[in-house]
Structure formats: C-alpha cells, structure tokens
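Now for the letters of each chain:
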Amino acid sequence: MTDTPARPAFLNVSTSATGRRWIGPSAEDDRQAEALEQATGLPPALCRVLARRGVPAQEAELFLAPALRDLLPDPRSLRDMDKATARFLEAVEKRQRIAIFADYDVDGGSSGALLICWLRDMGLPATLYIPDRIDEGYGPNDAAMSALARDHDLIICVDCGTLSHGPIAAAVGADVIVLDHHLGGETLPPALAVVNPNRQDETGDLAHLCAAGVVFLMLVEAGRLLREAGHKGPDLLSLLDLVALATVADVAPLIGVNRALVRQGLTVMARRNRPGLVALADVARMDTAPTPYHLGFLLGPRINAGGRIGQADLGARLLSTVDPHEAGALAERLDQLNTERRDVENAVRAAAVDQATERGLDAPLVWAAGEGWHPGVVGIVASRLKEASNRPAIVIGFDGDEGKGSGRSVSGIDLGAAIQRLASEGLLIKGGGHKMAAGLTVARDKLEPAMARLAELLAKQGAADLGPADLRLDGVLMPGAATVELIEQIEKAGPFGAGAPAPRFAFPDVQIAFAKRVGESHLKISFSDGIGPRIDAIAFGAFDTDLGPMLEKHGGMRFHLAGRLEINSWGGRQRPQLRLEDAAPVS
C-alpha cells in the first residue's frame with residue numbers, strides 16, 4: 001500500500017521520471033538513526049539503514065555479522081523432521097536405493113544437488129528425476145512416482161510434493177519423504193514424512209525458508225545424529241553456496257537465518273570450489289566476488305533456462321558435478337538456452353503487455369493468456385507485468401483446451417492462498433504456490449470465470465487499492481560522501497534482496513556531466529554537485545520508461561537522482577557507482 005497522502009513527498013518529488021512518489025525517512029526513523037549513531041559510533045548512512053530495519057543499538061553488532069551459530073534453528077522444530085531424518089539415515093546405513101524427485105527451477109535443482117553431494121560423500125549414489133515442464137508439469141505425477149518406486153526404496157521429493165496426494169499414493173513399495181516450502185493444504189499427502197514450514201499446522205516461524213533451506217536443516221539434523229553415533233558426516237558448510245543460490249533465486253525473504261545462509265554461502269562460493277558454479281560464473285563473465293545480484297540475475301536465470309525451454313535436469317547436474325569438463329559443457333549449454341529463453345520471453349512479453357494494457361492495469365488482478373505461449377517463460381512475463389502495474393499478475397499459455405500459467409504477487413497480497421482457494425472451488429484443474437508466486441492449470445472454458453473469481457479474492461486482500469509503488473529512500477547523500485569505504489560499511493547490513501531491500505539514497509540537486517545510451521535500453525551517466533567528485537551511474541532499462549530520454553536530453557537541467565550505491569571494480573581499481581533507479585527535475 002502507498003503511504004498516506006498527508007506525508008510529504010521526499011525532496012518534493014511527487015511524480016518522478018518513472019511515475020513514483022519518493023518517500024524518505026520518517027521523523028521517528030531520523031530519531032532512531034541519531035540514537036544509533038550516538039550509541040554505536042557507526043557512520044550516519046549505515047545508522048539510517050539500521051533504523052529503517054528496526055535494529056536497536058544493542059543488536060547492531062550481531063545484525064551486522066549474522067552467523068549460523070546464532071541464527072540456525074533447531075531442525076526438530078519442524079514437524080516430521082525426526083521421522084524424515086531417521087528414514088534418510090536408515091537408507092544410508094542399509095545402502096538402500098534412493099531417488100530424488102526435484103522441481104525444475106533453481107531451488108529444486110539446488111535441493112537435489114545438496115542431497116546428491118551429501119550422499120556421494122557418504123559413498124552412496126542417488127537417482128535424480130526432474131519432470132519435463134511441458135510434458136509432465138510441476139511436481140510428482142503418478143507414472144513417474146510409480147516407476148521410481150519399482151526400483152527404489154526411498155523417494156525424496158524436494159521443492160514439491162506437499163499437494164501431491166495421488167502421485168505419492170502411486171509410489172507403491174517405496175517410502176516417500178517430502179522436503180518442501182510451498183503452501184500446504186488442509187490434508188497432507190500419504191508420505192512417511194512431510195517437512196514443510198508452510199504446512200497449515202506449522203507455526204510459520206520458518207516460513208521464509210526455501211526448499212534448499214529445509215533440505216539443509218535435514219542434513220544438519222543428520223549430521224548431529226551421526227556425531228551422536230560416533231560417525232563423521234560430510235562438511236555441511238561447503239554446501240552453503242547451493243543454499244545461498246537457491247534462497248536468492250527463489251526470492252525467499254532475506255530475514256532471520258536466511259541472512260546467515262546467504263552471507264556465508266557467498267563466502268563459500270567466492271572460493272570457487274564447485275566446478276559447476278565456477279563454469280557458470282565464467283560463461284556469465286562474472287569478474288568480481290559473488291553478490292546476491294549475481295545469484296539472482298546472472299547465475300539463477302541460466303540455471304533456470306534448462307527447466308524453462310531445454311532439458312530439465314541440466315541445472316541440477318551442473319550444480320552436483322565434480323568434473324570440470326562436464327561442468328564447462330553444461331554451463332555453455334545453459335548459457336545458450338538462456339539466450340534462447342530471452343528471445344522467447346520478449347515475444348510473449350510484448351503480446352502479454354498489449355493484452356493486459358487493453359484489459360486495464362488498475363484492476364485487482366492483471367492477467368493475459370495466449371495460444372502457444374511457452375510455459376517456461378510465463379512466470380518471468382508475469383513478473384514484468386507485476387512490476388509495471390504494482391498489481392498481482394497471471395500469465396497463461398494455452399495448448400489446446402488446457403492452459404498452464406504462473407503468477408507473481410506484490411507485498412501484502414497472498415497469491416498462493418487465493419490460487420489454492422480457486423482450485424478447491426473447482427475453477428482450476430490444479431494450482432498452488434506461496435505468497436509471492438504461484439502456478440496453475442486451467443481449462444479454456446473456465447479461464448474467464450477463474451480470473452474473475454481470482455480478481456475478487458485479491459480485491460478482498462486490498463489489491464484494488466494499490467497505487468503506483470512509492471520509491472522508499474533511506475536519506476540523502478552528497479557525491480563527496482559516496483566513498484568505497486561507506487559502501488563497504490553499508491554492505492555489512494546485507495545481504496539485500498527480497499524482504500530486505502537494498503538501501504537507496506537520493507543525490508539532490510546535481511548536474512549531469514555525461515550521458516550515453518548503452519545497448520538498446522540502458523543509460524550511463526556521470527554527475528556532480530559542483531563541489532565534490534563526479535560519480536558514475538548506470539541505469540538498466542532506462543529507455544523502457546521516461547528516465548532514459550529525460551536524462552539523455554538533460555539540456556543542462558539539474559536533477560535529484562536516486563538509486564543504490566555499489567562498488568565498480570575495473571582495472572584493479574575500485575570506485576563508487578550509483579545503480580540509478582529514478583530521477584526528477586529540481587523544482
């Protein structure tokens with residue numbers, strides 16, 4: 001929801017180049033920041049960030065250094081964890097045949113790779129099964145589970161399975177463990193154990209975990225039991241790169257234990273010990289230490305490309321291989337598929353935007369559906385619609401009389417629960433998900449009534465009342481204060497991402513010294529206040545809005561600029577750089 005109109009726009013920017021109102025720190029934020037600065041001696045800009053996060057002075061030190069030893073929950077706090085871990089270790093001890101049924105996205109692939117790597121260290125191979133997105137769809141299916149059960153003693157479903165009552169019942173002769181995080185229904189499937197922080201009978205304290213986080217907790221519990229029995233298990237800390245990748249790519253909130261998992265996982269990844277991630281980082285031309293941005297926008301999309309438009313198991317194979325040559329070949333293939341995915345996405349996005357715009361972008365639900373739209377890109381296109389409208393969005397691709405779709409939501413609107421309600425009412429063939437993302441399958445003759453009902457459910461949650469997204473800023477900075485040292489201090493409040501947005505600052509009343517279009521839609525500028533040094537800035541997708549044309553043809557005008565600070569490492573030198581997100585002329 002937008003702030004109340006009574007609150008004045010920050011720097012008097014009520015309508016920016018991207019159509020947003022700027023919202024600065026409240027008076028209470030300012031008071032808390034000043035108190036933090038006096039109590040801790042930390043830089044004012046960092047104190048502003050901590051104040052916006054609600055961090056009290058006595059907790060600032062721990063917050064800036066999140067550690068697993070302080071934040072890791074007891075795995076046994078999750079229901080069925082005891083049963084799942086005991087059966088898992090029984091299979092290891094008896095050298096039983098284990099199959100892993102994983103989802104085809106980054107979280108599923110990382111979860112599968114976690115188990116494969118752990119079991120390999122214990123000398124036990126495992127069968128990996130990832131369904132084809134088009135031929136089989138999301139989650140376990142009767143045929144696959146029945147076939148796996150004939151040849152295996154234990155099937156572990158990761159990042160799927162919570163709603164798969166029929167397929168799990170079809171796994172006759174094998175035990176099934178579900179390690180998932182998707183929203184649970186009123187009843188659980190007939191599995192030996194369903195470990196899921198989003199079961200309806202859970203407390204919700206760990207609802208922010210992705211599936212890889214749940215898998216990691218089971219491996220933590222397995223390690224504890226092995227130590228109690230006098231045995232040594234695999235090195236769990238070496239697996240944190242996979243957990244970090246999944247957490248960021250699945251857009252899990254970076255709060256609680258997720259902060260420590262990602263922070264320490266990035267450290268592990270920087271050591272370049274996993275052949276698959278090394279090869280993928282190289283094809284993606286990553287030349288600096290990994291950050292959440294790299295995981296979410298460079299590595300994640302390439303791993304997802306296999307499940308979207310290629311071979312579903314490529315990502316998990318890449319993440320679990322120990323062979324650098326195989327890793328190189330898989331990374332090259334995924335990079336190629338990602339390029340193809342972008343072309344497919346662009347075509348679907350253009351058609352979906354036109355359709356949704358004609359239908360109206362101010363409804364409680366923004367949606368589009370088309371014949372032959374590739375099911376592997378509808379989720380990405382839904383994200384684009386959501387960003388453009390600040391509304392929950394659904395995009396559906398039809399093949400014959402059946403359509404497969406994906407949805408993305410905005411903060412405060414639980415899309416997964418609404419989709420699940422639709423399925424229970426018979427308007428969907430199937431559907432599920434979590435608060436921010438969901439998937440569905442719908443019959444063509446039910447499309448219009450299903451979307452109308454979904455819009456009604458979302459309106460009851462307040463989706464119809466959402467205005468343009470405000471741009472929340474943590475304060476102002478002058479160019480002279482934007483140093484590498486300050487950026488390094490601010491980064492300690494990270495990692496930043498979903499649920500923990502990166503700090504954004506405004507640079508008031510500055511002049512554009514240089515502006516150049518880069519590629520099709522990006523803009524590079526440098527700016528100064530006339531007193532301090534020039535700062536370079538990059539605005540990705542600037543020409544998709546009025547931001548690019550406004551700053552490219554600045555005509556000597558002065559502007560307020562807003563965005564996120566980052567360190568640009570080039571040629572052995574480090575310089576501050578602004579990831580420019582918005583601008584407004586000085587009034």
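Residues numbered from 1 in each chain as written. Predicted model: local features only at pLDDT ≥ 70, side-chain atom pairs only at ≥ 80, totals over all residues. Heavy atoms only, no water.

## Points about the overall build of the protein
Okay, step 1: Scanning the protein from terminus to terminus reveals 20 helices and 17 strands.
Okay, step 2: Here the C-alpha atoms of the protein give a radius of gyration of 24 Å, agreeing with the 25 Å that 2.2 N^0.38 yields for 587 residues.
Okay, step 3: Overall, the protein is about 75 × 60 × 45 Å in size when its C-alpha atoms are taken along their principal axes.
Okay, step 4: Across the 587 residues of the protein, 56% fall into the buried class.
Okay, step 5: A total of about 24,900 Å² of accessible surface is found on the protein, and carbon and sulfur atoms cover 51% of it. (Helix = DSSP H or I, 4+ residues; strand = E, 2+ residues; numbered from the N terminus. Rg over C-alpha atoms; globule rule 2.2 N^0.38 Å. Buried < 20%, exposed > 50% of the residue type's maximum accessible area, 1.4 Å probe, protein only. Areas by Shrake-Rupley, 256 points an atom, 1.4 Å probe, with all protein chains shown as cover.)

## Some thoughts on the pattern of salt bridges
Okay, step 1: All chains considered together, the criterion is met by 32 salt bridges.
Okay, step 2: Of the charged contacts, one joins Glu 345 and Arg 341 as a salt bridge, the two residues approaching to 2.4 Å between their closest N and O atoms. Taken together, the residues Glu 345 and Arg 341, both in helix 15 (residues 324-359) and 4 residues apart, mark about one turn of the helix.
Okay, step 3: Exposure remark for Glu 345: the relative accessible area of 3% places this residue in the buried category. (Salt bridge = Lys/Arg side-chain N within 4 Å of Asp/Glu carboxyl O.)

## Observations regarding the side chain of Asn 258
Okay, step 1: Residue placement: Asn 258 occurs in helix 11 (residues 257-270).
Okay, step 2: In this structure Asn 258 comes out as buried when scored by relative accessible area, which is 1%.
Okay, step 3: Within the structure, Asn 258 has its side chain in polar contact with the backbone oxygen of His 208 (distance 2.9 Å).
Okay, step 4: The residues touching Asn 258, leaving out its near neighbours within four places in the chain, are His 208, Leu 209, Thr 247, Ala 252 and Pro 253. (Polar contact = N/O pair within 3.5 Å; in protein donor to acceptor, adjacent residues only side chain to side chain. Contact = heavy atoms within 4.5 Å.)

## Remarks on the sheet that holds strand 8 (residues 393-399)
Strands belonging to one sheet form pairs held by backbone hydrogen bonds; the direction of such a pair is parallel or antiparallel.
Okay, step 1: Strand order in this open sheet of 5 strands is 7-8-9-11-10, and the pairing throughout is mixed. Sheet topology places strand 7 (366-371) and strand 10 (430-433) at the edges, where each strand pairs with a single neighbour. For this sheet, the mean inter-axis angle between neighbouring strands, taken without regard to orientation, is 15°.
Okay, step 2: Bridge count for strand 8 against strand 9 (residues 402-408) is 7 bridges, and the pairing is antiparallel. In the strand pairing of strand 9, Ala 393 is matched with Arg 408.
Okay, step 3: Where helix 16 (residues 378-389) meets the sheet, it contacts strand 7, strand 8 and strand 9, and its direction lies at approximately 45° from that of strand 9. (Pairing = 2+ DSSP bridges. Axes fitted to C-alpha atoms, helices over the stretch in contact; angles between N-to-C directions.)

## A few points about a nonpolar patch on the surface
Okay, step 1: On the surface, Tyr 293, Phe 297 and Phe 540 cluster together into a nonpolar patch covering about 330 Å² of accessible area.
Okay, step 2: Within the secondary structure, Phe 540 sits in the loop between strand 15 (535-539) and helix 20 (547-552). (Patch = residues over 30% accessible without salt bridge, like charges linked within 9 Å, V, L, I, M, F, W, Y side chains within 5 Å.)

## Quick notes on the sheet that holds strand 2 (residues 98-102)
Okay, step 1: Taken in spatial order, the 5 strands of this open sheet run 3-2-4-5-6, and their pairing is parallel. Across the chains shown, the open sheet's two edge strands, defined by having one partner strand only, are strand 3 (127-129) and strand 6 (193-195). The average angle at which neighbouring strand axes cross in this sheet is 15°, direction not considered.
Okay, step 2: Bridge count for strand 5 (residues 175-179) against strand 6 is 3 bridges, and the pairing is parallel. Within the sheet, the bridge partner assigned to Ile 177 lies in strand 6 and is Ala 193.
Okay, step 3: Against the sheet, helix 9 (residues 211-228) contacts strand 4 (154-158), strand 5 and strand 6, and its axis sits at roughly 120° relative to strand 5.

## Observations concerning helix 19 (residues 484-491)
Okay, step 1: For helix 19, the full list of buried residues reads Val 484, Leu 486, Ile 487 and Ile 490. Looking down the long axis of helix 19, one finds its buried residues gathered within 160° of arc, a one-sided arrangement.
Okay, step 2: Of the surrounding secondary structure, the elements contacted by the buried residues of helix 19 are helix 2 (44-52), strand 13 (505-518), strand 16 (558-570) and strand 17 (573-585). (Arc of directions from axis to C-beta.)

## A short note on the pairing of strand 9
Okay, step 1: The turn linking strand 8 back onto strand 9 is made up of 2 residues, and Gly 400 within it adopts a positive phi angle of 75°.
Okay, step 2: Looking at chain direction, strand 9 and strand 11 (residues 437-443) are connected through 7 bridges and run antiparallel. Bridge pairing in strand 11 places Ser 406 opposite Gly 439.

Take it as geometry only, folks, not as evidence of what the structure does.
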